[in-house]
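Understanding the architecture of this molecule
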Amino acid sequence: MPSAARNRSVVAGLLLWTMLPQPSAAGDDNEQDWRLGGAARFNYGWLDYGPDKGDGAFDLELLRVDASGEQGPLFFSLQYRWYEDFDAIHHAWLGWRVDEARDLRAGVVQVPFGLLPYASHGFWFGSGYYLGIEDDYDLGAVWRDARDDRRWHLALFAGDEYRNGGEFDRYSFDVATTDALPYREAERVHLRYARDLDGDGWRGEAGGSAFVGRIENRATGGDDVHWGTAVHAELVRGDWSLQLQWAHYDYGVDGDRIALSAFMFPFEIAAEADVLTANLAYALPRTGWLDAITCYNDLSTTQVDGPGLRDSWQNVSGCSFAKGPMFTYVDWIAGRNMWFVGGPGVGIREPGGDRWRSRLNVNLGLYF
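Residues numbered from 1 in each chain as written. Predicted model: local features only at pLDDT ≥ 70, side-chain atom pairs only at ≥ 80, totals over all residues. Heavy atoms only, no water.

Let's talk about the nonpolar core
- Judged by nonpolar contacts, the single largest core of 62 residues is most densely connected at Phe 173, Tyr 251 and Ile 269.
- Ranked by residue count, the leading element in this core is strand 13 (residues 257–262), at four residues.
- The contacts of Ile 269, once residues within four sequence positions are left out, are Leu 131, Tyr 249, Tyr 251, Asp 256, Arg 257, Ile 258, Leu 260, Val 346 and Ile 348. (Core = buried A, V, L, I, M, F, W, Y, C linked by side-chain atoms within 4.5 Å. Buried < 20%, exposed > 50% of the residue type's maximum accessible area, 1.4 Å probe, protein only. Helix = DSSP H or I, 4+ residues; strand = E, 2+ residues; numbered from the N terminus. Contact = heavy atoms within 4.5 Å.)

Here you go:
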């Protein structure tokens, strides 16, 4: 059985297991807590580019199932997603808790790099997501130590979540194996550190992240060194919050490009780049019918250097609205030379990437 199909079968089995009646707990040390949930999301998009320019439609974007639970020191979490044309693992891991501040998680887990959980506020994330350094989930193990005012993450990954660069039906962005660029992610080690900040009327955290690993050349059998680093901070003062991040990555391959894939398609990015992020958000005071409104502007750019490369930009301005189990994003996304906003890739020089393109996006989700 191919690895992608095998991983999907494992997740499906775990989901079915969580739905079965569980044995009663015996004593406080074996106390159980099982939860099953999910979401249905609908999306509307109006584009000022492409063959569907101006032809927005409100369609079903996603169905997902979530399961989590714990018994004594053991706990788990998994999520599986169904999109219109494919399905994919989001995450699936088993954890062991030493105490409330320390635990170990193994499986398809979130990669501890940069601002967590996201370096963004909107539905479309920031540039780092499309480069595989934001909200990425891979197969490995993560140790977390969050005692006092400091947080450490130490992680080891065996590769992407499917360990198959030819599997393009995935949620998070990973190295793709293509005919022109036959590479695949291999082992990586990650280290992340963050410390709480507390000043006169403000609070937050600041820290740094780093990783090093291997990229396999599937055509030659050779290896290249893959590494990255970041410094990041998030500050909150009253209803305002500010996210700042600088990240650098280098795949170490010959040439100035590498391919990534997600959502069924491979595309090319710069093999080395600096990624800068500056996001500002304001949580409006709660009034009226809605539970919460947050408005934001997320700006990110991929800065590159090379004859076959060109800088990419993305800006997302919008608001999120919460009411009970419903959560809605209304975003205006603008991009220049930016994949997923009409561009040919991220950080590459191709015809058609020069002008700014934009779209209005409304995503309405029902969570249960």
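Once you've had a look at it, read on.
Points about the state of the cysteines
- This model, assessed by the stated rule, comprises one disulfide.
- A disulfide bridge connects Cys 295 with Cys 319, and the sulfur atoms are separated by 2.1 Å. Since a negative S-S torsion denotes a left-handed disulfide, the Cys 295-Cys 319 link at about 100° is right-handed. Of this pair, Cys 295 sits in strand 16 (residues 292–303) while Cys 319 sits in strand 17 (residues 312–323); the two residues are 24 residues apart in sequence, bridging distant segments of the chain. (Disulfide = S-S within 2.5 Å.)

Some thoughts on the pattern of salt bridges
- For the coordinates displayed, the defined rule picks out 27 salt bridges.
- Asp 99 serves as the salt-bridge partner of Arg 102, at 2.7 Å between the closest nitrogen and oxygen.
- In this structure, Glu 350 engages Arg 257 in a salt bridge whose closest nitrogen and oxygen atoms are separated by 2.8 Å. On the criterion of sequence distance, the pair formed by Glu 350 in the loop between strand 19 (345–346) and strand 20 (356–367) and Arg 257 in strand 13 is long-range, its members being 93 residues apart. (Salt bridge = Lys/Arg side-chain N within 4 Å of Asp/Glu carboxyl O.)

Quick notes on the side chain of Arg 192
- Considering the arrangement of structural elements, one finds Arg 192 in strand 9 (residues 183–198).
- A distance of 2.7 Å separates the side chain of Arg 192 from the backbone oxygen of Gly 114, its partner in a polar contact.
- Within the structure, Arg 192 has its side chain in polar contact with the side chain of Glu 205 (distance 3.1 Å).
- Those residues in contact with Arg 192 that lie beyond four places of it in its chain are Pro 112, Phe 113, Gly 114, Leu 115, Leu 116, Arg 151, Trp 152, His 153, Glu 205, Gly 208, Ser 209 and His 232. (Polar contact = N/O pair within 3.5 Å; in protein donor to acceptor, adjacent residues only side chain to side chain.)

Notes on the packing of aromatic side chains
- Scanning the entire structure with this criterion turns up 29 aromatic pairs.
- A centroid spacing of 5.4 Å and a plane angle of 80° characterise the contact between Phe 75 and Trp 93, whose relative ring orientation is edge-to-face. With a gap of 18 residues between them, Phe 75 in strand 3 (residues 74–82) and Trp 93 in strand 4 (residues 87–99) connect regions that are remote in the sequence. Comparing Phe 75 with Trp 93 shows no difference in burial state: the two are buried.
- Pairing Tyr 130 with Phe 340 gives two aromatic rings, centres 5.7 Å apart and planes at 35°, and the pair type is tilted. Note that Tyr 130 is positioned in helix 2 (residues 127–130) and Phe 340 in the loop between strand 18 (326–336) and strand 19, a separation of 210 residues in sequence.
- Note on Tyr 130: relative accessible area 3%, which makes it buried.
- Note on Phe 340: relative accessible area 31%, which makes it partly exposed.
- The side chain of Arg 81 reaches across the aromatic face of Tyr 171, ending 4.7 Å from its centre.
- The ring centre of Phe 75 lies 4.1 Å from the NZ or CZ of Arg 97, which sits over that ring. (Phe/Tyr/Trp six-rings, centres within 6.5 Å; stacked < 30°, edge-to-face > 60°. Lys NZ or Arg CZ within 6 Å of the ring centre and 35° of its normal.)

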